[in-house]
Structure formats: C-alpha cells, structure tokens
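Chain by chain, the residues:
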Amino acid sequence: MLTSSEIKRVFNLLVLKIVGGGYSMKRSIWLKLFLTVVFCLSLAVTVFAEPTKQITLDEFEIGGIGVGSSLDTAVLKYGLPTKQSSFNYNRLIKGMIYKYGDLLTVEAIPKSDGGTSVIGVVCKNPKLFTPSGFAVGRSYKEVVAKYGVVPNAAKGKLSGNERWLGLARGYTFYDYYAGPFCMRFNVDDKGIIKTIAFEAYE
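About the cut-offs
- Residues numbered from 1 in each chain as written.
- Predicted model: local features only at pLDDT ≥ 70, side-chain atom pairs only at ≥ 80, totals over all residues.
- Heavy atoms only, no water.
- Helix = DSSP H or I, 4+ residues; strand = E, 2+ residues; numbered from the N terminus.
- Contact = heavy atoms within 4.5 Å.
- Areas by Shrake-Rupley, 256 points an atom, 1.4 Å probe, with all protein chains shown as cover.
- Buried < 20%, exposed > 50% of the residue type's maximum accessible area, 1.4 Å probe, protein only.
- Lys, Arg positive; Asp, Glu negative; His and termini not counted.
- Salt bridge = Lys/Arg side-chain N within 4 Å of Asp/Glu carboxyl O.
- Polar contact = N/O pair within 3.5 Å; in protein donor to acceptor, adjacent residues only side chain to side chain.
- Pairing = 2+ DSSP bridges.
- pLDDT = per-residue confidence, 0-100.
- Phe/Tyr/Trp six-rings, centres within 6.5 Å; stacked < 30°, edge-to-face > 60°.
- Axes fitted to C-alpha atoms, helices over the stretch in contact; angles between N-to-C directions.
- Core = buried A, V, L, I, M, F, W, Y, C linked by side-chain atoms within 4.5 Å.

## Looking at the overall build of the protein
Looking only at helices and strands, the protein features five helices and nine strands. When the helices and strands of the protein are read in sequence order from the N terminus, they spell out α-α-β-β-α-β-β-β-β-α-α-β-β-β. Restricting the contact set of the protein to residue pairs at least 6 apart, pairs at least 24 apart contribute 44%. As presented, the protein carries roughly 12500 Å² of accessible surface, and 59% of it is formed by carbon and sulfur atoms.

## What about the side chain of aspartate 188?
Of note, aspartate 188 is situated in the loop between strand 8 (181-187) and strand 9 (193-200). The buried charged residue aspartate 188 lacks any salt bridge, with lysine 194 as its nearest oppositely charged partner at 4.3 Å. In terms of polar contacts, aspartate 188 uses its side chain to reach the backbone amide nitrogen of isoleucine 192, at 2.9 Å. What aspartate 188 contacts, discounting residues up to four positions off in sequence, is Gly170, Tyr171 and Lys194.

## Thoughts on the pattern of salt bridges
Applying the stated criterion to the full structure yields three salt bridges. Of the charged contacts, one joins glutamate 142 and arginine 138 as a salt bridge, the two residues approaching to 3.0 Å between their closest N and O atoms. You can call glutamate 142 partly exposed: its relative accessible area is 31%.

## Structural notes on the pairing of strand 6 (residues 116-123)
Side chains on a regular strand alternate between the two faces of the sheet. For strand 6, a buried count of seven out of eight residues is recorded, marking the element as mostly surrounded by other parts of the structure. Judged from the seven bridges that link them, strand 5 (residues 104-110) and strand 6 form a sheet pairing that is antiparallel. For alanine 108, the partnering residue across the bridge sits in strand 6 and is valine 118. Linking strand 5 to strand 6, which pair antiparallel, is a turn of five residues; within it glycine 114 sits at a positive phi near 95°. Strand direction decides the pairing type here: strand 6 and strand 9, joined by four bridges, are antiparallel. Bridging across to strand 9, valine 122 finds its partner in alanine 197.

## Concerning the confidence of the model for the protein
Residues with a pLDDT of 70 or more make up 64% of the protein, whose mean pLDDT is 76. For the stretch residues 1-8, pLDDT sits under 50, and the model shows three contacts to residues farther than four places along the chain or on other chains. Taken together, the stretch residues 41-51 has pLDDT below 50 and engages in two contacts with residues farther than four places along the chain or on a different chain.

## With respect to the pairing of strand 3 (residues 83-89)
Examined bridge by bridge, strand 3 and strand 4 (residues 93-100) share seven bridges and lie antiparallel to one another. Across the sheet, residue serine 85 finds its bridge partner in strand 4, namely isoleucine 97. Hairpin connection of strand 3 to strand 4: three residues between the antiparallel strands, including asparagine 90 at a positive phi of 60°.

## Details of the packing of aromatic side chains
Counted under the stated rule, the structure contains nine aromatic pairs. The structure contains a cluster of three or more aromatic residues connected by ring pairs, namely Phe134, Tyr140, Tyr147, Tyr174, Tyr176 and Phe185.

## Observations regarding the sheet that holds strand 7 (residues 172-178)
In space, the seven strands of this open sheet follow the order 3-4-5-6-9-8-7, with antiparallel pairing throughout. Every other strand in the sheet has two partners, leaving strand 3 and strand 7 as the edge strands with one partner each. Sheet twist, expressed as the average angle between the axes of neighbouring strands with direction ignored, equals 20°.

## Focus on the nonpolar core
In this structure, Val106, Val121, Tyr140, Val143, Tyr176, Phe185 and Ile196 are the most contacted members of the largest nonpolar core, which totals 37 residues. If sequence neighbours within four positions are ignored, phenylalanine 185 has contacts with Phe134, Tyr140, Val143, Thr172, Phe173, Tyr174, Tyr176, Ile193, Thr195 and Ile196.

## What about the environment of aspartate 188?
Judged by relative accessible area, which is 15%, aspartate 188 ranks as buried. Note: C-alpha distance between aspartate 188 and serine 139 (49 residues apart in sequence) is 9.8 Å.

## As for the side chain of glutamate 107
You can see glutamate 107 is positioned in strand 5. A relative accessible area of 14% means that glutamate 107 is categorised as buried. Contact partners of glutamate 107, with chain neighbours within four places excluded, come to Phe87, Met96, Ile97, Ser117, Val118, Ile119, Gly120 and Glu199.

As structure tokens, this is what we get:
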C-alpha cells in the first residue's frame, strides 16, 4: 500500500504531466489517469470518514429538562425559581418563564390538560449537561465531532439581548435545527462553550 508521501508524489507527477504535456504519452491519457486517481481518493475519503450524525430532539435536554418537560420537573430538580415572568408565544399563547439566578432559564407554554410544556432552556451552568455530555465550559469541538460544522449564526431569535452582549464579548453562535426547535451554542474566541440554549422558533 502506498504511503501518504508516495501518493502525494504520484499526484504531483500527474499534475506536472497534464500541465507540461508529458513525455511520449498524450496529455489526454495523463488527464484520464489524473481523474482516476482523484476518483479513487474521493472514494477512500468517503469510505473511511465517519459520517456525521444528524442532531435530533433527544439532544434538546439540559440538566434533565428537555422539550416537553413540565415546569414541575424544573421545580422538583432545582426548587422554586428565583424569578417568574411571562411572555407571549406566537402572539396568542401566554408562556411562563422560570429563572434560577443567571445560570438557568426555563420557558414553557400551557397545555390543554392544565399542565405545562417546556419549549426553551438557556443554560450557563457548567454543572448541567446535555445527553451527549455537552456543557458550558467544555470545548465546542466536542459538538463538531458528533454533529459537524454549521454556519456561523450571528443573528437569530435565540438569545435576544444576550446576542448583543455575546457579540460584544467576541462570541460566535452556532445553531443546530431539529424540527421546529433550534439549539444554539455560544462560543468564545478560544472555542469554549459559554451558553447552551434551545428554543422553538416561531
């Protein structure tokens, strides 16, 4: 089996033959050889590269509070919130917000049976984890290793005023979508996760 350096030499030789016209062989033959090598290399990359797993709603959970959980779950796990407020969801539904200091915020909307359903969480607590082990204070490379790279999202519904504060601090935002939900990782210039948040986008 050829080593990486040998493959590189063959590749460079083929390029020189194509550009320079070759010796006794026609340039078209060298071009066919070049395309064959490129095709084989692309197949090797496809075979040996580990496919990236698509993020699913199962990942949309932080500290045991996920999409569809109730506010009662938050109270059972973390006690009564330090602050309660409300918000308008889709301009028709009055949602509820439970804040636990500056480290955890839980948003929920009412259900027809009188209960509540969590639709959003904002977490800055490094002791709380997602099902895959992502947490504030850990490297964003862990997310990329499992779910791949997504375009930088400097704008978006998530974070609100936090977005401007994050931009001022040099944060970069990365959004991952599953169904009607978006999970955002706020990452500093050293590649460290500063905030993990998910929310239903309207």
